[in-house]
Amino acid sequence: MNLLSLFSKKDKSASVAKNRLQILLAHERTGSGPDATLVSKLREDILEVIKKHIEIDPEAVQIEMDRDGEVTTLGIDIELPVKASENA
Amino acid sequence: MTDGKVIVVTSGKGGVGKTTSTAAIASALAKDGERVCAVDFDVGLRNLDLIMGAERRVVFDLVNVVRGEASIKQALVRDKRLDTLFLLPASQTRDKDALTDEGVASVINELRMSFDWIICDSPAGIERGATLAMRYADAAIIVSNPEVSSVRDCDRIIGLLDAKTIVAENGGRMPKHLLVTRFDAERAKTGEMLAIEDMVDILSVPLLGVIPESKDVLKASNVGSPVTIANENSAPARAYVEAVRRLRGEDIPVTIPEDRKGIFGKLFRGRAA
């Protein structure tokens, strides 16, 4: 960041493009290819484990795989019903 | 007997500069004395012959060779300007199943024996032609414009490179290089165009080079001469030469060449990084 950039008018469209792409690709990358089969298998297994302890809606489990360079991350997002979290 | 390196130039999206880049890179390599064969995989819509100025000398093509109707030697067109540069043209047939996996494998194997570099110009899309063009590659050059649809399609292609190539099927990781074309440094600076760092970040592919938007590219294609031959001092030609040096393994920083504007451009050229 230099002084000149403070005075120049910044167009925001490129950062909008970047954000849209990041969101879209994170979604698309899990939608096809070898990752998709792995994710769907993991999803089933994880659901089984959770079901042992609490009743949850299968739709409330979100699993996403994302790659960044040489690192692949797996994000698991489980929406717990209010009752279940109180009992735990 | 050499063991040539097979490079696929691919992008998913059409019109981003695959053919222009194939011709420019192949010519730049041949200028360095490397034996290079540029292969047009765009069956039905061949254009590499036109960009390289060899359209009137095409006799046989890739499909003839795959079908055994001609030998590779008969189909290769030698460049008029560089005697180590050859073109294997695509066919104009409408039969989209004209290329077979085995046929392409044997052509690529034979080319590996007589060339240092085999540069495969992929058709747009994710269909058979595109997957066959990448199938036997040792490395991929992914061409993208700094524009959302182009970047998205490159991401699809990266998925295919990691799944449908021989390298991937053998458990390896396909080496990939990002080549950004039609870049406008001024517009990126003001935030009107995706920045190079953002594209590298989104696609997670190391940068091979940045080709600036330039009138010289159209001028070169008008006369059927790859830009690295037509005007070697032009900004895009210098950018391609730099990309080729990196492709050959040189570890040099990526610069975005600009058109030389008189004495000041010359004075400050060395500092542009």
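What counts as what
Residues numbered from 1 in each chain as written. Chains lettered and ligands numbered in written order. Predicted model: local features only at pLDDT ≥ 70, side-chain atom pairs only at ≥ 80, totals over all residues. Helix = DSSP H or I, 4+ residues; strand = E, 2+ residues; numbered from the N terminus. Rg over C-alpha atoms; globule rule 2.2 N^0.38 Å. Buried ≥ 20, exposed ≤ 12 C-beta atoms within 10 Å, placed from the backbone. Contact = placed C-beta atoms within 7 Å. Pairing = 2+ DSSP bridges. Axes fitted to C-alpha atoms, helices over the stretch in contact; angles between N-to-C directions. Core = buried A, V, L, I, M, F, W, Y, C linked by C-beta atoms within 7 Å. UniProt positions renumbered as here; feature names shortened; annotations may be inferred.

Caption draft 1: Representation of the overall build of chain B within the structure. Secondary structure assignment for chain B yields 14 helices and eight strands. A globule of 273 residues ought to have a C-alpha radius of gyration of about 19 Å, and chain B, at 18 Å, matches this closely. Projected onto the principal axes, the alpha-carbon positions of chain B cover approximately 55 × 40 × 35 Å. Burial status across chain B gives 53% buried among its 273 residues.

Caption draft 2: Just the overall build of chain A, in detail. What chain A contains, in helices and strands, is four helices and two strands. Taken from the N to the C terminus, the helices and strands of chain A come in the order α-α-α-β-β-α. Put simply, of all contacts in chain A between residues at least 6 apart along the chain, 41% involve residues at least 24 apart.

Caption draft 3: The sheet that holds strand E3 (residues 77–78) of chain B, seen in detail. All names here are of chain B. With mixed pairing, the eight strands of this open sheet are ordered in space as E3-E4-E2-E5-E1-E6-E7-E8. A single partner strand is all that each edge strand has here, and the edge strands are E3 and strand E8 (207–212). Set on the sheet, helix H5 (residues 101–114) makes contact with strand E1 (5–10), strand E2 (36–40) and strand E5 (117–121); between it and E5 the angle comes to about 145 degrees.

Caption draft 4: Expanded view of the nonpolar core. All names here are of chain B. Val-36, Ile-119, Cys-120 and Tyr-240 are the most contacted members of the largest nonpolar core, which has 95 residues in total. For this core, the element with the most residues is helix H13 (residues 235–247), which contributes eight residues. Setting aside chain neighbours within four positions, we find Tyr-240 in contact with Ala-24, Ile-25, Ala-28, Gly-209, Ile-211, Val-227 and Thr-228.

Caption draft 5: Structural context of the UniProt feature "domain: CobQ/CobB/MinD/ParA nucleotide binding" (unreviewed entry) in chain B. The UniProt record annotates "domain: CobQ/CobB/MinD/ParA nucleotide binding" (unreviewed entry) at residues 7–227 of chain B. The span residues 7–227 of chain B carries 40% helix and 18% strand; its end-to-end C-alpha distance comes to 19 Å.

Caption draft 6: Spotlight on the UniProt feature "binding site: ATP" (unreviewed entry) in chain B. All names here are of chain B. Under the present numbering, the feature "binding site: ATP" (unreviewed entry) in UniProt falls on Lys-13, Gly-14, Gly-15, Val-16, Gly-17, Lys-18, Thr-19 and Thr-20. Residue placement: Thr-19 occurs in helix H1 (residues 18–31). On the neighbour-count criterion, Thr-19 (28 C-beta atoms within 10 Å) is buried. Residues in contact with Thr-19, not counting those within four places in the same chain, are Asn-47, Leu-48, Ile-51 and Asp-121. Assignment of secondary structure puts Thr-20 in helix H1. If we skip the residues at most four places from it in the chain, Thr-20 touches Ile-51, Val-217 and Ser-221.

Caption draft 7: Quick peek at the pairing of strand E4 (residues 85–88) of chain B. All names here are of chain B. Of the two faces of E4, the one holding Leu-85 and Leu-87 and the one holding Phe-86 and Leu-88 are both buried throughout. Where E2 and E4 come together, four bridges link them in parallel fashion. Note on E4: the bridge partner recorded for Cys-37 is Phe-86. Alignment of E3 against E4, held across two bridges, turns out to be antiparallel. Bridge pairing in E4 places Val-77 opposite Leu-87. Following E3, the chain reverses through six residues before pairing antiparallel with E4.

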